[in-house]
Amino acid sequence: MSEIHVVNKGNRHLYGDYFDPYFRLRHDIYVKQRKWMALDRPDGREIDRFDTNEAVYLFCIDGDRLIGGMRAVPTVMPNLMSEIFPYLNIRGPIQRPDVYELSRIFVIPERRGEHAGPRIDMLLLTAIMEYGISMGLTAFSIVLESWWLPRFERCGWKAHPLGLPQMIDGMSVLAVLVDCDETTWTSLCGQIGLRKPTLTWRGLAGVNRRALPDLSPPAPLTVRPGQSPLHGAGDCAT
Ligand code: COA
């Protein structure tokens, strides 16, 4: 069973065994597989200047194995968009306590795609929305490749472009602001069959956050006597 853990400076000590494999995985995925050579480091770990004490990580852990992750950086701190890609955002820098920048989403190769059971990428997208609304965030900024846009559209993430896509190292890249709201979270939960919040906040009992409610099950289909269950109100008779 995969669990998504919130890891920040308040509980990082509880996840000490995971950080080295995490940074090595990032190196394998981004440098060796994706060939983002600017991230290469001789020690085989992909760590950048935004992996600070203020970064928040979602670790997807199955048994005791890290199988996916995502990073969130407060936009009041230096971040990818402000420091490396400011030209992607024609509206100017975002520095807001209610907006975090997302980056480094990954799933290990053998757990990608439909064949891998519950979709870990969807679980991460749902979990970060849960994190955001629990913490009072209203949006996520992201620098991403444009192939994410149809994926976001399909799962209900509302992404607003902040500028035109640009070709960077052979990739079409743009900056977006994604709404962080309860409607999106509820819809994502419905899509992956979650009936309650999924995040594990181990060692973070003192964090000031909103506890999210369990979600009500879908309303049962009511069938009036003599009516076919396939023809509810509003159905077209075709
Ligand atoms: N370029 C273009 N499209 C891509 C892509 C890439 N580098 N990586 C994934 N996709 C799209 C494709 O539409 C793909 O469909 P396909 O199977 O027809 O090629 C679809 O996503 C499914 O991707 P898949 O890799 O099977 O798995 P997933 O949906 O479970 O996980 C990721 C998606 C992005 C989490 C996973 O591919 C991953 O970890 N990639 C490496 C890390 C990464 O590039 N992260 C994004 C930048 S931070």
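The residue count restarts for each chain, going from 1 along the sequence in the order it is written. Residue-level local features of this predicted model are given only where pLDDT is at least 70; pairs of side-chain atoms are given and counted only at 80 or more, and the full residue set underlies all totals for whole chains, interfaces and linings. With hydrogens and water set aside, each side-chain value is computed from the structure's full complement of heavy atoms.

Undergrad: When you look at the overall build of the protein chain in this model, what are you seeing that I'm missing?
TA: Looking only at helices and strands, the protein chain features five helices and nine strands. Working definition: helices are DSSP H or I runs of at least four residues, strands are E runs of at least two. Numbering for both runs from the N terminus. Listing the helices and strands of the protein chain from first to last along the sequence gives β-α-β-β-α-β-α-β-α-β-β-β-α-β. Here the C-alpha radius of gyration of the protein chain, 20 Å, is about what a compact globule of 238 residues would show, namely 18 Å. Counting the 238 residues in the protein chain, one finds 46% classified as buried. Long-range pairs, those at least 24 residues apart, make up 71% of the contacts in the protein chain with a sequence separation of at least 6. Only the protein chains shown count as cover for residues, and all accessible areas are computed by the Shrake-Rupley method using a 1.4 Å probe. Total accessible area computed for the protein chain in this model is approximately 12,500 Å², and 56% of it derives from carbon and sulfur atoms. Charge convention: Lys and Arg are scored as positive, Asp and Glu as negative, and His as well as the terminal groups of each chain are ignored. Charge coordinates come from a single atom per side chain, which is NZ of Lys, CZ of Arg, CG of Asp or CD of Glu. With 27 positive and 27 negative side-chain charges, the protein chain shows a spacing of 1 Å between the two charge centroids. The globule rule used here is 2.2 Å times the number of residues to the 0.38 power, and the radius of gyration it is set against is calculated over C-alpha atoms. Partly exposed residues are those whose accessible area sits between 20% and 50% of the maximum for their type, while under 20% is buried and over 50% is exposed, using a 1.4 Å probe and protein chains only. In this description, contact between two residues means that some pair of their heavy atoms is separated by no more than 4.5 Å.

Undergrad: What exactly am I supposed to notice about helix 3 (residues 120-135) here?
TA: Along an α-helix, residues three or four positions apart point the same way, because every turn accommodates 3.6 residues. The span expected for a helix works out to 1.5 Å for each residue beyond the first. Helix length check: helix 3 (16 residues) gives 22 Å between terminal C-alpha atoms against 22 Å at 1.5 Å per residue, within 8%. Burial analysis of helix 3 places 15 of its 16 residues in the buried class, the great majority of the element. Following helix 3 by one or two positions, glycine 136 has its phi on the positive side, about 80°.

Undergrad: Can you help me understand the site of the ligand in this one?
TA: If a single non-hydrogen atom of a residue is within 4 Å of a molecule or strand, that residue counts as near it. Around the ligand there are 15 residues in total, and Arg34, Ile105, Gly113, Arg119 and Arg151 lie nearest to it. For the ligand, whose free accessible area comes to 870 Å², the fraction covered by protein is 64%. Counting residues per element, the ones that place at least two in the shell around the ligand are helix 1 (16-33), strand 4 (99-107) and helix 4 (148-155). At four residues, the largest contribution of residues to the shell around the ligand is made by strand 4. By residue class, the composition of the shell around the ligand is eight nonpolar, one polar and six charged. Classification used: nonpolar for Ala, Val, Leu, Ile, Met, Phe, Trp, Tyr, Cys and Pro, charged for Asp, Glu, Lys and Arg, polar for all others including Gly.

Undergrad: Before we go on, may I ask you to explain the nonpolar core in this structure?
TA: Across soluble globular proteins, you tend to see nonpolar side chains buried next to one another. Among the buried residues, those of types Ala, Val, Leu, Ile, Met, Phe, Trp, Tyr and Cys that are joined through side-chain atoms within 4.5 Å form a nonpolar core. In this structure, Leu58, Phe59, Ile128, Tyr131, Phe140 and Trp157 are the most contacted members of the largest nonpolar core, which totals 76 residues. Here this core takes ten residues from helix 3, the largest share from any one element. Ignoring sequence-local partners within four residues, the contact set of phenylalanine 140 consists of Val99, Tyr100, Leu102, Ile128, Met129, Gly132, Val176, Leu177, Val178 and Cys180.

Undergrad: Is there a simple way to explain the packing of aromatic side chains in this structure?
TA: The description of two aromatic rings rests on the distance between their centres and on the angle between their planes. Pairing of aromatic rings covers Phe, Tyr and Trp, the last counted by its six-membered ring, and requires centre-to-centre distances within 6.5 Å; plane angles under 30 degrees mean stacked, over 60 mean edge-to-face, and any other angle means tilted. Within the structure shown, the criterion is met by 18 aromatic pairs. Taking the centre distance of 6.4 Å and the plane angle of 65° together, the rings of phenylalanine 85 and tyrosine 87 count as edge-to-face. Ring centres of tyrosine 131 and tryptophan 201 lie 5.7 Å apart, and the angle between their planes is 20°; on these two criteria the pair is classed as stacked. Of the two residues, tyrosine 131 is situated in helix 3 and tryptophan 201 in the segment after strand 9 (199-200); the sequence distance between them amounts to 70 residues. Per residue, the accessibility class of tyrosine 131 equals that of tryptophan 201, and both read buried. Here the aromatic residues Tyr15, Tyr18, Phe19, Tyr22, Phe23, Tyr57, Phe59 and Phe106 are joined through ring pairs into a cluster of three or more.

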